[in-house]
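Structural characterization, general
Single-letter residue listing:
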Amino acid sequence: VNIVFKNSMDACCAALTWWAVGWALAYGGDTVTGPRNVFIGGGEFFLASSGHYPNTAFAGWFFQWAFAATTATIISGAIAER
C-alpha cells in the first residue's frame, strides 16, 4: 500500500508541476515579445494562453505528462533501491 500511495503522489505532483511550469518551459511560446525562443519557453505558464487551445494541445500535454510522471517514478524507485 505504501508503494501505491507513493507512486500516486508522484503522478499527482508530476501533473501539477507539468501543468504549472513544465509545459511552459518545454513548449511555451513568448506571446508578449513575439516568436518562441529556440532554447526554452517563456510563456503559457499554468497552460494559460490568450487564445483557445485545440483538443490536440491537451492530448499533447497528457502525452508529455506521461513521460514526466514516468521519470518521477523511476527516480523515486531508484532512491528506494528497487
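Presented here is a report on the structure given in the accompanying data block. (Residues numbered from 1 in each chain as written. Predicted model: local features only at pLDDT ≥ 70, side-chain atom pairs only at ≥ 80, totals over all residues. Heavy atoms only, no water.)

Tracing the sequence through the fold places phenylalanine 46 in the loop between helix 1 (2–27) and helix 2 (55–79). For the pair phenylalanine 46 and alanine 24, spaced 22 residues apart in the sequence, the C-alpha separation amounts to 7.5 Å. Those residues within four positions of phenylalanine 46 in sequence are excluded, and the remaining contacts are Trp19 and Ala20. (Helix = DSSP H or I, 4+ residues; strand = E, 2+ residues; numbered from the N terminus. Contact = heavy atoms within 4.5 Å.)

Now for the nonpolar core. In this structure, Ala14, Trp18, Trp23, Leu47, Trp61, Trp65 and Ala69 together form the largest nonpolar core, which totals seven residues. Contributions of two or more residues to this core are made by helix 1 and helix 2. (Core = buried A, V, L, I, M, F, W, Y, C linked by side-chain atoms within 4.5 Å. Buried < 20%, exposed > 50% of the residue type's maximum accessible area, 1.4 Å probe, protein only.)

Following the criterion strictly, the structure yields five aromatic pairs and no others. When the ring of tryptophan 18 is compared with that of tryptophan 23, the centres are 6.4 Å apart and the planes differ by 90°; the resulting orientation is edge-to-face. Note on accessibility: tryptophan 18 and tryptophan 23 belong to one class, buried. Seen in terms of ring centroids, tryptophan 61 and tryptophan 65 are 6.5 Å apart; in terms of plane orientation they differ by 5°. Their pairing is stacked. In this pair, tryptophan 61 and tryptophan 65 are both assigned in helix 2, four residues apart and thus about one turn of the helix distant. Put simply, the rings of Trp61, Phe62 and Trp65 touch in pairs and so form one group of aromatic residues. (Phe/Tyr/Trp six-rings, centres within 6.5 Å; stacked < 30°, edge-to-face > 60°.)

This brings us to a nonpolar patch on the surface. Nonpolar side chains collect at one region of the surface, where Leu16, Trp19, Val21, Leu25, Phe39, Ile40, Phe45 and Phe46 lie side by side and expose about 790 Å² of accessible area between them. In this fold, leucine 16 is placed in helix 1. Residue leucine 16 is classed as exposed on the basis of its relative accessible area of 55%. (Patch = residues over 30% accessible without salt bridge, like charges linked within 9 Å, V, L, I, M, F, W, Y side chains within 5 Å. Areas by Shrake-Rupley, 256 points an atom, 1.4 Å probe, with all protein chains shown as cover. Salt bridge = Lys/Arg side-chain N within 4 Å of Asp/Glu carboxyl O.)

Moving on, we come to the side chain of aspartate 10. Relative to the elements of secondary structure, aspartate 10 occurs in helix 1. Contacts of aspartate 10, omitting those with residues within four sequence positions, involve Ala72, Thr73 and Ser76.

Our focus in this paragraph is the state of the cysteines. Cysteine pairs can be covalently joined through their sulfur atoms, and such a bond is termed a disulfide. Scanning the entire structure with this criterion turns up zero disulfides. In this model cysteine 12 remains outside any disulfide bridge; the closest cysteine sulfur is found in cysteine 13, 6.8 Å from its own. (Disulfide = S-S within 2.5 Å.)

Following the sequence through the fold, phenylalanine 45 ends up in the loop between helix 1 and helix 2. In this structure, phenylalanine 45 is in contact with Ala20, Val21, Ala24 and Leu25, ignoring residues within four places of it in sequence.

Attention now goes to helix 1. At tryptophan 18, helix 1 shows its largest kink, close to 55°. Within helix 1 the residues assigned to the buried category are Asp10, Ala14, Trp18, Ala20, Gly22, Trp23 and Ala24. (Bend = angle between axes of the 7 residues up to and from the residue.)

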